[in-house]
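# A closer look at the structure
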Amino acid sequence: MAGVNLINVNKVFPNGVHAVKNVSLRVDEKEFMVLVGPSGCGKTTTLRMIAGLEEVSSGEVFIDDKRVNDLPAKNRDIAMVFQNYALYPHMTVFENISFVLELRKMPREEIKRCVNEAAQMLEITDLLKRKPKQLSGGQRQRVALGRAMVREPKVFLMDEPLSNLDAKLRVQMRSEISKLHRRLGTTVVYVTHDQVEAMTMGTRIAVMHGGVVHQVADPQTIYEKPVNAFVAGFIGSPAINFLRGDIVEGTNGMWLNLDNNKVNIPEGYAKVLRARGYANKAVLAGIRPENVHDDEQFMANSPHSVVETVVENTELMGPETHLYLRSVGHSPFNLVARVSPRTKARPGNNIRVALDMERIYFFDLNTEAAIY
Ligand code: ATP
(Lines give C-alpha, C1' and ligand atoms only; values in the text may rest on other atoms or scores of the structure.)
Protein backbone atom coordinates (compact mmCIF):
# COMPACT_ATOMS: atom_id res chain seq x y z
CA MET A 1 0.00 0.00 0.00
CA ALA A 2 1.59 3.27 -1.12
CA GLY A 3 0.37 5.28 1.80
CA VAL A 4 2.24 7.46 4.25
CA ASN A 5 2.13 6.96 7.97
CA LEU A 6 3.53 9.28 10.61
CA ILE A 7 3.68 8.01 14.17
CA ASN A 8 4.35 10.44 17.03
CA VAL A 9 6.60 12.56 14.85
CA ASN A 10 8.42 15.51 16.39
CA LYS A 11 10.76 18.10 14.96
CA VAL A 12 12.87 20.25 17.22
CA PHE A 13 15.25 22.51 15.30
CA PRO A 14 18.75 23.13 16.69
CA ASN A 15 17.64 26.62 17.79
CA GLY A 16 15.06 24.98 20.07
CA VAL A 17 11.93 25.65 17.96
CA HIS A 18 9.57 22.70 18.42
CA ALA A 19 8.00 22.98 14.96
CA VAL A 20 6.11 19.67 14.82
CA LYS A 21 4.64 18.17 17.96
CA ASN A 22 3.78 14.52 18.26
CA VAL A 23 2.06 14.31 14.89
CA SER A 24 0.40 11.01 14.03
CA LEU A 25 -1.20 10.95 10.62
CA ARG A 26 -2.11 8.13 8.28
CA VAL A 27 -2.49 8.96 4.60
CA ASP A 28 -4.09 6.07 2.77
CA GLU A 29 -3.16 4.87 -0.67
CA LYS A 30 -4.64 7.09 -3.43
CA GLU A 31 -5.76 9.65 -0.91
CA PHE A 32 -5.40 13.42 -1.44
CA MET A 33 -4.44 14.63 2.02
CA VAL A 34 -4.18 18.37 2.56
CA LEU A 35 -2.14 19.78 5.44
CA VAL A 36 -3.60 23.21 6.12
CA GLY A 37 -2.94 25.83 8.75
CA PRO A 38 -1.65 29.36 9.26
CA SER A 39 1.90 30.40 8.50
CA GLY A 40 4.45 28.76 10.79
CA CYS A 41 2.19 25.92 11.97
CA GLY A 42 4.65 23.24 10.85
CA LYS A 43 3.12 21.99 7.59
CA THR A 44 6.22 22.42 5.42
CA THR A 45 8.42 20.84 8.07
CA THR A 46 6.06 17.85 8.21
CA LEU A 47 6.18 17.48 4.43
CA ARG A 48 9.97 17.80 4.38
CA MET A 49 10.23 15.03 6.96
CA ILE A 50 8.12 12.76 4.74
CA ALA A 51 10.37 13.67 1.80
CA GLY A 52 13.54 12.99 3.78
CA LEU A 53 14.76 16.57 3.40
CA GLU A 54 14.51 17.12 7.13
CA GLU A 55 15.54 14.68 9.82
CA VAL A 56 12.90 13.49 12.28
CA SER A 57 13.77 14.39 15.91
CA SER A 58 11.66 11.52 17.22
CA GLY A 59 8.88 9.27 15.96
CA GLU A 60 8.57 7.16 12.85
CA VAL A 61 7.81 7.78 9.19
CA PHE A 62 6.53 4.99 6.95
CA ILE A 63 6.04 5.09 3.19
CA ASP A 64 4.39 2.10 1.62
CA ASP A 65 4.54 0.36 5.03
CA LYS A 66 8.33 0.65 5.05
CA ARG A 67 10.08 2.61 7.79
CA VAL A 68 12.02 5.34 6.00
CA ASN A 69 13.52 7.31 8.91
CA ASP A 70 17.03 6.41 7.77
CA LEU A 71 16.36 6.26 4.03
CA PRO A 72 17.82 9.15 1.98
CA ALA A 73 15.35 11.35 0.07
CA LYS A 74 16.37 9.99 -3.32
CA ASN A 75 15.47 6.43 -2.32
CA ARG A 76 12.01 7.21 -0.98
CA ASP A 77 10.19 7.02 -4.32
CA ILE A 78 8.42 10.34 -3.88
CA ALA A 79 8.17 13.40 -6.14
CA MET A 80 7.94 16.93 -4.84
CA VAL A 81 6.33 19.95 -6.46
CA PHE A 82 7.13 23.31 -4.86
CA GLN A 83 5.74 26.80 -5.31
CA ASN A 84 8.93 27.88 -7.10
CA TYR A 85 8.86 25.10 -9.61
CA ALA A 86 12.62 25.46 -10.33
CA LEU A 87 12.66 24.38 -13.97
CA TYR A 88 16.04 24.20 -15.70
CA PRO A 89 16.08 27.47 -17.67
CA HIS A 90 18.43 26.31 -20.43
CA MET A 91 16.40 23.20 -21.22
CA THR A 92 13.26 22.90 -23.32
CA VAL A 93 10.01 21.73 -21.77
CA PHE A 94 10.63 18.28 -23.25
CA GLU A 95 14.11 18.14 -21.74
CA ASN A 96 12.89 19.38 -18.39
CA ILE A 97 10.35 16.59 -18.22
CA SER A 98 12.58 13.86 -19.66
CA PHE A 99 15.66 14.72 -17.59
CA VAL A 100 14.95 12.26 -14.81
CA LEU A 101 14.18 9.49 -17.31
CA GLU A 102 17.48 10.12 -19.09
CA LEU A 103 19.22 9.72 -15.75
CA ARG A 104 17.50 6.38 -15.38
CA LYS A 105 18.83 5.43 -18.80
CA MET A 106 15.37 4.74 -20.14
CA PRO A 107 15.39 3.88 -23.89
CA ARG A 108 14.74 6.94 -26.14
CA GLU A 109 11.48 5.70 -27.61
CA GLU A 110 10.07 4.98 -24.19
CA ILE A 111 11.12 8.42 -22.93
CA LYS A 112 9.26 10.02 -25.84
CA ARG A 113 6.17 7.99 -25.09
CA CYS A 114 6.23 8.91 -21.37
CA VAL A 115 6.77 12.62 -21.99
CA ASN A 116 4.10 12.78 -24.67
CA GLU A 117 1.62 10.99 -22.46
CA ALA A 118 2.23 13.40 -19.57
CA ALA A 119 2.17 16.40 -21.91
CA GLN A 120 -1.15 15.31 -23.34
CA MET A 121 -2.67 14.89 -19.91
CA LEU A 122 -1.45 18.35 -18.89
CA GLU A 123 -2.31 19.92 -22.28
CA ILE A 124 1.21 21.18 -22.90
CA THR A 125 1.99 19.16 -26.05
CA ASP A 126 2.33 22.38 -28.07
CA LEU A 127 4.89 23.76 -25.66
CA LEU A 128 7.41 20.92 -25.61
CA LYS A 129 10.00 22.83 -27.67
CA ARG A 130 9.81 26.03 -25.66
CA LYS A 131 12.15 27.17 -22.89
CA PRO A 132 10.69 27.99 -19.44
CA LYS A 133 11.02 31.76 -19.90
CA GLN A 134 8.66 31.53 -22.89
CA LEU A 135 5.90 30.12 -20.67
CA SER A 136 3.25 31.65 -18.43
CA GLY A 137 3.21 30.87 -14.70
CA GLY A 138 0.45 28.30 -15.12
CA GLN A 139 2.24 26.60 -17.99
CA ARG A 140 5.44 26.41 -15.95
CA GLN A 141 3.54 24.89 -13.09
CA ARG A 142 2.18 22.25 -15.46
CA VAL A 143 5.68 21.44 -16.65
CA ALA A 144 6.74 21.02 -13.02
CA LEU A 145 3.81 18.64 -12.53
CA GLY A 146 4.76 16.76 -15.70
CA ARG A 147 8.30 16.39 -14.46
CA ALA A 148 7.01 14.89 -11.22
CA MET A 149 4.47 12.68 -13.03
CA VAL A 150 6.85 10.87 -15.36
CA ARG A 151 8.76 9.56 -12.38
CA GLU A 152 5.64 7.60 -11.46
CA PRO A 153 6.35 8.06 -7.79
CA LYS A 154 4.56 6.21 -5.04
CA VAL A 155 3.68 9.53 -3.42
CA PHE A 156 3.41 13.13 -4.61
CA LEU A 157 4.33 15.82 -2.12
CA MET A 158 3.19 19.32 -3.02
CA ASP A 159 4.12 22.44 -1.09
CA GLU A 160 1.91 25.43 -1.97
CA PRO A 161 2.29 24.64 -5.69
CA LEU A 162 -0.25 27.28 -6.72
CA SER A 163 0.76 30.22 -4.59
CA ASN A 164 2.76 31.95 -7.36
CA LEU A 165 -0.19 32.00 -9.73
CA ASP A 166 -2.80 34.72 -10.12
CA ALA A 167 -6.23 34.14 -8.61
CA LYS A 168 -7.94 32.99 -11.81
CA LEU A 169 -5.21 30.54 -12.74
CA ARG A 170 -5.12 29.22 -9.22
CA VAL A 171 -8.77 28.25 -9.45
CA GLN A 172 -8.16 26.57 -12.81
CA MET A 173 -5.06 24.67 -11.67
CA ARG A 174 -6.84 23.65 -8.49
CA SER A 175 -9.37 21.65 -10.42
CA GLU A 176 -6.73 20.39 -12.86
CA ILE A 177 -4.63 18.95 -10.05
CA SER A 178 -7.74 17.31 -8.59
CA LYS A 179 -8.59 15.80 -11.98
CA LEU A 180 -5.02 14.63 -12.42
CA HIS A 181 -5.10 12.99 -9.04
CA ARG A 182 -8.26 11.11 -9.94
CA ARG A 183 -6.77 9.97 -13.22
CA LEU A 184 -3.38 8.92 -11.85
CA GLY A 185 -4.71 7.49 -8.62
CA THR A 186 -1.52 8.40 -6.75
CA THR A 187 -1.23 9.26 -3.09
CA VAL A 188 -0.84 13.03 -2.61
CA VAL A 189 0.15 15.05 0.43
CA TYR A 190 -0.52 18.72 -0.30
CA VAL A 191 0.46 21.68 1.86
CA THR A 192 -1.40 24.98 1.76
CA HIS A 193 -2.37 27.84 4.05
CA ASP A 194 -5.45 28.44 1.89
CA GLN A 195 -8.55 26.92 3.40
CA VAL A 196 -10.46 27.11 0.11
CA GLU A 197 -7.79 24.99 -1.58
CA ALA A 198 -7.95 22.55 1.31
CA MET A 199 -11.75 22.29 1.19
CA THR A 200 -11.97 21.92 -2.57
CA MET A 201 -9.04 19.58 -3.21
CA GLY A 202 -8.63 17.34 -0.19
CA THR A 203 -10.29 13.96 0.17
CA ARG A 204 -9.25 14.53 3.76
CA ILE A 205 -7.82 17.56 5.53
CA ALA A 206 -5.43 17.76 8.47
CA VAL A 207 -5.77 21.13 10.19
CA MET A 208 -2.55 22.18 11.93
CA HIS A 209 -1.81 24.94 14.40
CA GLY A 210 1.29 25.49 16.53
CA GLY A 211 2.92 22.26 15.36
CA VAL A 212 -0.09 20.18 16.38
CA VAL A 213 -2.65 18.43 14.17
CA HIS A 214 -6.03 19.48 15.57
CA GLN A 215 -8.36 17.51 13.35
CA VAL A 216 -8.17 15.09 10.45
CA ALA A 217 -11.38 14.47 8.53
CA ASP A 218 -13.12 14.90 5.20
CA PRO A 219 -13.92 18.52 4.25
CA GLN A 220 -17.60 18.32 5.17
CA THR A 221 -16.91 16.94 8.63
CA ILE A 222 -14.25 19.59 9.24
CA TYR A 223 -16.79 22.27 8.31
CA GLU A 224 -19.79 20.85 10.10
CA LYS A 225 -18.20 19.23 13.13
CA PRO A 226 -15.07 21.17 14.05
CA VAL A 227 -13.38 19.75 17.15
CA ASN A 228 -12.48 23.15 18.55
CA ALA A 229 -12.76 26.89 18.09
CA PHE A 230 -9.50 27.07 16.13
CA VAL A 231 -10.69 24.66 13.43
CA ALA A 232 -14.12 26.33 13.34
CA GLY A 233 -12.48 29.74 12.92
CA PHE A 234 -9.87 28.71 10.36
CA ILE A 235 -12.22 26.99 7.92
CA GLY A 236 -14.99 29.06 6.35
CA SER A 237 -15.15 32.46 4.69
CA PRO A 238 -16.33 34.88 5.97
CA ALA A 239 -15.17 33.30 9.21
CA ILE A 240 -17.54 31.92 11.81
CA ASN A 241 -18.85 34.43 14.39
CA PHE A 242 -17.71 33.79 17.95
CA LEU A 243 -19.99 35.14 20.66
CA ARG A 244 -19.31 34.98 24.36
CA GLY A 245 -22.51 34.24 26.23
CA ASP A 246 -24.04 32.81 29.38
CA ILE A 247 -26.07 29.62 29.42
CA VAL A 248 -29.10 30.05 31.70
CA GLU A 249 -31.87 27.67 32.63
CA GLY A 250 -35.27 29.34 32.26
CA THR A 251 -38.86 28.35 32.78
CA ASN A 252 -39.25 27.30 29.16
CA GLY A 253 -35.93 25.71 28.35
CA MET A 254 -32.37 26.79 28.20
CA TRP A 255 -31.26 30.17 26.92
CA LEU A 256 -28.08 31.80 25.70
CA ASN A 257 -27.73 35.34 27.02
CA LEU A 258 -25.86 37.52 24.58
CA ASP A 259 -25.61 40.92 26.23
CA ASN A 260 -29.14 42.42 25.84
CA ASN A 261 -30.35 39.58 23.63
CA LYS A 262 -31.63 36.23 24.74
CA VAL A 263 -31.85 33.31 22.35
CA ASN A 264 -33.43 29.95 22.95
CA ILE A 265 -31.26 26.82 22.81
CA PRO A 266 -32.90 23.86 21.06
CA GLU A 267 -33.62 20.98 23.44
CA GLY A 268 -31.12 18.64 21.75
CA TYR A 269 -28.23 20.99 22.53
CA ALA A 270 -29.67 21.91 25.93
CA LYS A 271 -29.49 18.24 26.97
CA VAL A 272 -25.82 18.03 26.00
CA LEU A 273 -24.97 21.30 27.76
CA ARG A 274 -26.75 20.17 30.92
CA ALA A 275 -25.12 16.73 30.86
CA ARG A 276 -21.68 18.26 30.39
CA GLY A 277 -22.18 20.69 33.28
CA TYR A 278 -22.48 23.93 31.33
CA ALA A 279 -25.86 25.03 32.72
CA ASN A 280 -25.48 28.55 34.16
CA LYS A 281 -21.93 28.90 32.87
CA ALA A 282 -20.29 31.13 30.29
CA VAL A 283 -19.44 29.57 26.91
CA LEU A 284 -18.12 30.56 23.54
CA ALA A 285 -20.86 30.17 20.95
CA GLY A 286 -20.08 29.93 17.24
CA ILE A 287 -22.43 30.68 14.36
CA ARG A 288 -21.46 30.71 10.71
CA PRO A 289 -22.44 33.81 8.68
CA GLU A 290 -24.80 31.78 6.45
CA ASN A 291 -26.76 30.86 9.56
CA VAL A 292 -27.51 34.47 10.49
CA HIS A 293 -30.72 35.47 8.67
CA ASP A 294 -32.30 38.83 7.94
CA ASP A 295 -35.38 37.67 6.05
CA GLU A 296 -38.77 38.19 7.64
CA GLN A 297 -39.92 34.64 7.00
CA PHE A 298 -37.04 33.11 8.97
CA MET A 299 -37.51 35.64 11.76
CA ALA A 300 -41.23 34.95 12.01
CA ASN A 301 -40.50 31.24 12.37
CA SER A 302 -37.78 31.74 14.97
CA PRO A 303 -38.97 34.54 17.27
CA HIS A 304 -36.71 33.34 20.11
CA SER A 305 -33.44 33.61 18.25
CA VAL A 306 -33.49 37.29 17.33
CA VAL A 307 -30.65 39.76 17.91
CA GLU A 308 -30.99 43.54 17.59
CA THR A 309 -28.18 45.05 15.55
CA VAL A 310 -26.90 48.06 13.64
CA VAL A 311 -25.54 47.58 10.13
CA GLU A 312 -21.98 48.90 10.06
CA ASN A 313 -21.06 47.89 6.55
CA THR A 314 -22.33 45.87 3.63
CA GLU A 315 -20.29 44.02 0.98
CA LEU A 316 -21.97 43.11 -2.27
CA MET A 317 -20.40 39.90 -3.51
CA GLY A 318 -22.74 39.28 -6.48
CA PRO A 319 -24.59 36.10 -5.56
CA GLU A 320 -24.68 37.08 -1.88
CA THR A 321 -24.21 40.09 0.39
CA HIS A 322 -22.21 40.19 3.60
CA LEU A 323 -23.61 42.32 6.38
CA TYR A 324 -21.21 43.53 9.07
CA LEU A 325 -23.36 44.04 12.14
CA ARG A 326 -22.90 45.29 15.67
CA SER A 327 -25.31 44.24 18.38
CA VAL A 328 -27.25 46.86 20.31
CA GLY A 329 -26.57 46.72 24.06
CA HIS A 330 -24.11 47.45 26.87
CA SER A 331 -21.31 45.25 25.56
CA PRO A 332 -21.87 45.10 21.82
CA PHE A 333 -20.46 42.23 19.78
CA ASN A 334 -19.83 41.92 16.06
CA LEU A 335 -21.74 39.61 13.79
CA VAL A 336 -21.31 38.89 10.10
CA ALA A 337 -24.31 37.67 8.12
CA ARG A 338 -24.23 36.15 4.64
CA VAL A 339 -27.58 37.03 3.14
CA SER A 340 -29.43 37.31 -0.12
CA PRO A 341 -28.27 40.12 -2.47
CA ARG A 342 -31.89 41.33 -2.38
CA THR A 343 -31.45 42.40 1.25
CA LYS A 344 -32.70 45.89 2.06
CA ALA A 345 -30.17 46.39 4.87
CA ARG A 346 -27.96 49.47 4.42
CA PRO A 347 -25.18 50.92 6.59
CA GLY A 348 -26.63 52.75 9.58
CA ASN A 349 -29.91 50.79 9.61
CA ASN A 350 -31.12 49.15 12.78
CA ILE A 351 -32.09 45.63 11.83
CA ARG A 352 -33.05 42.43 13.56
CA VAL A 353 -31.42 39.18 12.56
CA ALA A 354 -32.24 35.64 13.59
CA LEU A 355 -29.64 33.00 14.44
CA ASP A 356 -30.35 29.51 13.15
CA MET A 357 -30.03 27.88 16.55
CA GLU A 358 -30.09 24.40 15.01
CA ARG A 359 -26.69 25.25 13.57
CA ILE A 360 -24.96 26.90 16.47
CA TYR A 361 -21.78 25.53 18.08
CA PHE A 362 -20.70 25.73 21.68
CA PHE A 363 -17.08 25.73 22.82
CA ASP A 364 -15.58 25.61 26.28
CA LEU A 365 -14.33 29.09 27.15
CA ASN A 366 -11.01 27.84 28.55
CA THR A 367 -10.05 24.84 26.42
CA GLU A 368 -11.96 26.03 23.31
CA ALA A 369 -12.93 22.37 22.71
CA ALA A 370 -16.30 21.85 21.04
CA ILE A 371 -19.10 20.73 23.33
CA TYR A 372 -20.89 17.90 21.54
P1 ATP B 1 4.49 28.70 6.01
O2 ATP B 1 3.09 28.54 5.50
O3 ATP B 1 4.81 30.10 6.43
O4 ATP B 1 5.54 28.09 5.11
P5 ATP B 1 4.58 26.35 7.71
O6 ATP B 1 3.33 25.97 8.40
O7 ATP B 1 4.98 25.57 6.53
O8 ATP B 1 4.57 27.89 7.41
P9 ATP B 1 7.14 25.59 8.77
O10 ATP B 1 7.93 26.15 7.64
O11 ATP B 1 7.00 24.13 8.88
O12 ATP B 1 5.70 26.26 8.83
O13 ATP B 1 7.79 26.16 10.13
C14 ATP B 1 7.33 25.79 11.40
C15 ATP B 1 8.13 26.51 12.48
O16 ATP B 1 9.47 26.09 12.47
C17 ATP B 1 8.17 28.03 12.30
O18 ATP B 1 8.10 28.61 13.57
C19 ATP B 1 9.51 28.27 11.65
O20 ATP B 1 10.00 29.54 11.96
C21 ATP B 1 10.35 27.19 12.26
N22 ATP B 1 11.44 26.73 11.37
C23 ATP B 1 11.31 26.28 10.11
N24 ATP B 1 12.50 25.92 9.60
C25 ATP B 1 13.42 26.14 10.57
C26 ATP B 1 14.84 25.96 10.68
N27 ATP B 1 15.55 25.45 9.68
N28 ATP B 1 15.42 26.33 11.85
C29 ATP B 1 14.70 26.82 12.87
N30 ATP B 1 13.37 27.01 12.85
C31 ATP B 1 12.74 26.67 11.71
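A brief report on the enclosed structure follows. (Residues numbered from 1 in each chain as written. Predicted model: local features only at pLDDT ≥ 70, side-chain atom pairs only at ≥ 80, totals over all residues. Heavy atoms only, no water.)

Take the sheet that holds strand E6 (residues 78-81) next. Reading across the sheet, the 6 strands line up as E6-E7-E8-E3-E9-E10 and stay open at both edges, with mixed pairing between neighbours. Every other strand in the sheet has two partners, leaving E6 and strand E10 (212-217) as the edge strands with one partner each. With direction set aside, neighbouring strand axes in the sheet form an average angle of 15 degrees. Each of E6 and strand E7 (155-159) is contacted by helix H4 (residues 137-149), which is oriented at about 175 degrees to E6, the strand it contacts most. (Pairing = 2+ DSSP bridges. Helix = DSSP H or I, 4+ residues; strand = E, 2+ residues; numbered from the N terminus. Axes fitted to C-alpha atoms, helices over the stretch in contact; angles between N-to-C directions. Contact = heavy atoms within 4.5 Å.)

In this section: the sheet that holds strand E11 (residues 241-250). With antiparallel pairing, the 5 strands of this open sheet are ordered in space as E13-E12-E11-E14-E20. In the strand order of this sheet, the two ends are held by strand E13 (261-265) and strand E20 (361-363), each with one partner. Strand-to-strand twist of the sheet, defined as the mean angle between neighbouring strand axes without regard to direction, takes the value 40 degrees. Lying over the sheet, helix H9 (residues 267-275) contacts E11, strand E12 (253-258), E13 and E20, oriented at roughly 90 degrees with respect to E13.

Taken together, Phe13, Asn15, Val17, Ala19, Pro38, Ser39, Gly40, Cys41, Gly42, Lys43, Thr44 and Thr45 make up the full set of residues near the ligand. In the environment of the ligand, an oxygen atom lies 2.6 Å from a nitrogen or oxygen atom belonging to the side chain of serine 39. Here the ligand loses 60% of its free accessible area of 630 Å² to cover by the protein chains. Looking at the shell around the ligand element by element, the count peaks at 3 residues for helix H1 (residues 43-51). Per-class residue counts for the shell around the ligand are 5 nonpolar, 6 polar and 1 charged. (Near = heavy atom within 4 Å. Polar contact = N/O pair within 3.5 Å; in protein donor to acceptor, adjacent residues only side chain to side chain. Areas by Shrake-Rupley, 256 points an atom, 1.4 Å probe, with all protein chains shown as cover. Nonpolar A, V, L, I, M, F, W, Y, C, P; charged D, E, K, R; others polar.)

Compared with the 21 Å implied by 1.5 Å per residue over 15 residues, the 21 Å span of helix H3 (residues 108-122) between its first and last C-alpha is a close match. Every buried residue belonging to H3 is among Ile111, Cys114, Val115, Ala118, Ala119 and Leu122, and all of these are buried. Across the axial projection of H3, the buried residues extend over an arc of 125 degrees, all falling on one side. Opposite the buried face of H3, at more than 90 degrees from it, the exposed residues are Glu109 and Gln120. Residues of H3 that are buried in the fold lie against helix H2 (93-103), H4 and helix H5 (167-184). Looking one or two residues past H3, glutamate 123 carries a phi angle of roughly 55 degrees, positive in sign. (Expected span 1.5 Å × (residues − 1). Buried < 20%, exposed > 50% of the residue type's maximum accessible area, 1.4 Å probe, protein only. Arc of directions from axis to C-beta.)

Next up on the list: the pairing of strand E4 (residues 58-63). Bridge count between strand E1 (residues 4-12) and E4: 5 bridges; the pairing is antiparallel. Bridge pairing links asparagine 5 to phenylalanine 62 in E4. Pairing of E4 with strand E5 (residues 66-67), which is carried by 2 bridges, proceeds in the antiparallel orientation. Within E5, the position partnered with isoleucine 63 by the bridge is lysine 66. In this structure, the hairpin formed by E4 and E5 is closed by a connection of 2 residues, where aspartate 64 is found at a positive phi of approximately 60 degrees.

That's the geometry; what it means functionally is another story.
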